[in-house]
Amino acid sequence: MAAAVAGEEEVTNRQVILKRYVTGCPTVEDMEVVTGTLRLAVPPGSPAVLVKNLYLSCDPYMRTRMTKHAVPSFVPDYVPGKVLDNCGVSKVVLSGHPDFKPGDLLWGVTGWEEYTLIPNPVFCHMINHREFPLSYYTGVLGLTAYAGLFEVAKAKKGEHVFVSAAAGAVGQIVGQLAKLTGCYVVGSAGSDHKVNLLKAKFGFDDAFNYKKELDLNAALKRCFPHGIDVYFENVGGAMLDAVLDNMRHRGRVAVCGQVSQYNLERPDSVDLFRLVGKHIRMEGFLVSEYAGEYRRRFEEEMARYLTEGKVVCVEDVAEGIEAAPAALVGLFAGRNVGKQVVVVARE
């Protein structure tokens, strides 16, 4: 174990805080980058770790935490005046935890700031594959796509799989894993460039620009004349409504997110009675449910795919902690291509 207390050295610590609760689409003015100081120390006898943050993940679900909810969600709301947090890659500076030592590279929940004191790093994990870019642990070497496709949706060879927001961080990996399984895969995205990326780089069988489709139901019937077995849900609203009309008997919907709904004061209504007649199973999931040994097995399998060139990923990189608010806001305008990452420091 590393020494739990260091000297009185202080460092500047730039942080992204929430200025106010958000209604509608978030703006960069809803956040602020402030500069404070931090003493490089951890409390004696505690399991805390002090980390230097290297890469931060931008994820659409963060928008849901920017609104005050009367009924608590699966993660707490952000608090105005306090630093945001999300998953990221960090380097241990000081540690009071027996499993981590200075110099170790971790990925897990950390602050949107240059340095974070994590009181109890139960949601932090060692990085085992340093041969890949560390930023990969915010996306392709994360677990969401794999768990949702195989553990929740139970995708099998020969099935027809549809992925919405398919050029994003999770969607691009879902499609490639489905293709490796032997599925027929179609994705939707919000630009012709992203559609071309899905087919030319990620190997989707087909894809369409949902912004150019006047009738989503007709677009899905064109791509899936015999129906959809598995839908990896990232969007919600009109897309989910159209998909349910095109699902096959005993189809499965893995609900990862519903980005079209996050900025609405009143979410769109979708008729779920269609689940009954076709015996469709629709299930939400949290990636935290698949920690432990399952995570380790997944990481080794994905590392092999990356090494063999069977899976590729595209990242959209924003440089510097000051770029984080605009990077997050950009997700809701579709400005990112691939996984949105913020580089705080390159070690």
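Everything numeric here is computed off the predicted structure, so don't read it as measured data. (Residues numbered from 1 in each chain as written. Predicted model: local features only at pLDDT ≥ 70, side-chain atom pairs only at ≥ 80, totals over all residues. Heavy atoms only, no water.)

**Considering the packing of helix α1 (residues 144-152) against helix α2 (residues 171-181)**
One way to put it is that α1 packs onto α2 with a least axis distance of 9 Å and a crossing angle of 45 degrees. Considering the angle they form, α1 stands oblique to α2. The hand of the α1/α2 crossing is right-handed. Contact residues: Ala145, Tyr146, Leu149 and Phe150 in α1; Ile173, Val174, Leu177, Ala178 and Thr181 in α2. Along the lines of polarity and charge, the residues of the contact of α1 with α2 split into 8 nonpolar, 1 polar and no charged. (Axes fitted to C-alpha atoms, helices over the stretch in contact; angles between N-to-C directions. Helix = DSSP H or I, 4+ residues; strand = E, 2+ residues; numbered from the N terminus. Parallel < 35°, antiparallel > 145°, perpendicular 65-115°, else oblique. Left-handed = near helix turned anticlockwise from the far one by under 90°. Contact = heavy atoms within 4.5 Å. Nonpolar A, V, L, I, M, F, W, Y, C, P; charged D, E, K, R; others polar.)

**Focus on the UniProt feature "domain: Enoyl reductase (ER)" (unreviewed entry) in the chain**
UniProt records the feature "domain: Enoyl reductase (ER)" (unreviewed entry) for residues 26-342 in the present numbering. End C-alpha to end C-alpha, residues 26-342 measures 18 Å, and it is 23% helix and 27% strand. (UniProt positions renumbered as here; feature names shortened; annotations may be inferred.)

**Things to note about empty space enclosed by the protein**
Following the criterion strictly, the structure yields 1 cavity of 30 Å³ or more and no others. The space that makes up the largest cavity amounts to roughly 40 Å³. Every residue lining the largest cavity is listed: Tyr136, Gly139, Val140, Ala169, Gln172, Ile173, Cys313, Val314, Glu315 and Lys339. Class assignment of the residues belonging to the lining of the largest cavity gives a composition of 6 nonpolar, 2 polar and 2 charged. (1 Å grid on protein atoms, 1.4 Å probe; cavity = no way out; pocket = protein on both sides within 12 Å on 5 of 7 lines; lining within 4 Å. Points joined across faces, edges and corners; volume = space filled by probe spheres on them.)

**Remarks on the environment of Asn120**
Mapped onto the elements of the fold, Asn120 is located in the loop between β6 (115-118) and β7 (124-126). Taking the relative accessible area as the measure of exposure, Asn120 reaches 43% and is therefore partly exposed. Sequence separation of Asn120 and Val49 is 71 residues, and the distance between their C-alpha atoms is 7.4 Å. (Buried < 20%, exposed > 50% of the residue type's maximum accessible area, 1.4 Å probe, protein only.)

**Topic: the pairing of strand β12 (residues 247-255)**
Where strand β11 (residues 228-233) and β12 come together, 5 bridges link them in parallel fashion. Bridge pairing in β12 places Val230 opposite Arg252. For the segment spanning β11, helix α5 (residues 237-245) and β12, crossover handedness is right-handed. Two elements, β12 and strand β13 (residues 281-284), share 4 bridges in a ladder whose sense is parallel. Bridge assignment links Arg252 to a residue of β13, and that residue is Arg281. (Pairing = 2+ DSSP bridges. Right-handed = clockwise from strand over helix to strand, strands pointing away.)

**A closer look at the nonpolar core**
In terms of nonpolar packing, the biggest core is built from 54 residues, with Val140, Leu177 and Met302 touching the most fellow members. Sorting elements by how many residues they give to this core places helix α7 (residues 293-307) first, with 6 residues. Apart from residues lying up to four places away in sequence, Leu177 is in contact with Ala145, Tyr146, Leu149, Phe150, Met302, Tyr305 and Val311. Counting 22 residues, the second-largest nonpolar core is a separate cluster that includes Phe208, Tyr231, Leu244 and Val255. (Core = buried A, V, L, I, M, F, W, Y, C linked by side-chain atoms within 4.5 Å.)

**Things to note about the sheet that holds strand β9 (residues 184-189)**
Spatially, 6 strands are ordered β10-β9-β8-β11-β12-β13 in an open sheet, and the strand pairing comes out parallel. Whereas interior strands pair on both sides, the edge strands pair on one side only; in this sheet they are β10 (206-209) and β13. Pairs of neighbouring strands in the sheet enclose a mean axial angle of 15 degrees, with direction left out of account.

**Some thoughts on the pairing of strand β15 (residues 339-343)**
Burial analysis of β15 places 5 of its 5 residues in the buried class, which makes it a mostly covered element. By the alternation rule, side chains of β15 split into Lys339, Val341 and Val343 and Gln340 and Val342, which are all buried. The pairing of strand β3 (residues 49-57) with β15 spans 3 bridges and is antiparallel. When the bridges of β15 are listed, Ser57 appears paired with Val341. In terms of strand pairing, strand β14 (residues 315-319) meets β15 through 5 bridges, oriented parallel. The partner of Glu315 across the bridge, within β15, is Lys339. The handedness of the β14 to β15 crossover, carried by helix α8 (residues 324-330), is right-handed.

**Overview of the environment of Tyr61**
Considering the arrangement of structural elements, one finds Tyr61 in the loop between β3 and β4 (85-95). Residue classification places Tyr61 among the partly exposed residues on the basis of a relative accessible area of 21%. Separated by 197 residues in the primary sequence, Tyr61 and Gln258 place their C-alpha atoms 8.5 Å from one another. In contact with Tyr61, other than residues within four places in its own chain, are Phe74, Val75, Asp85, Asn86 and Tyr262.

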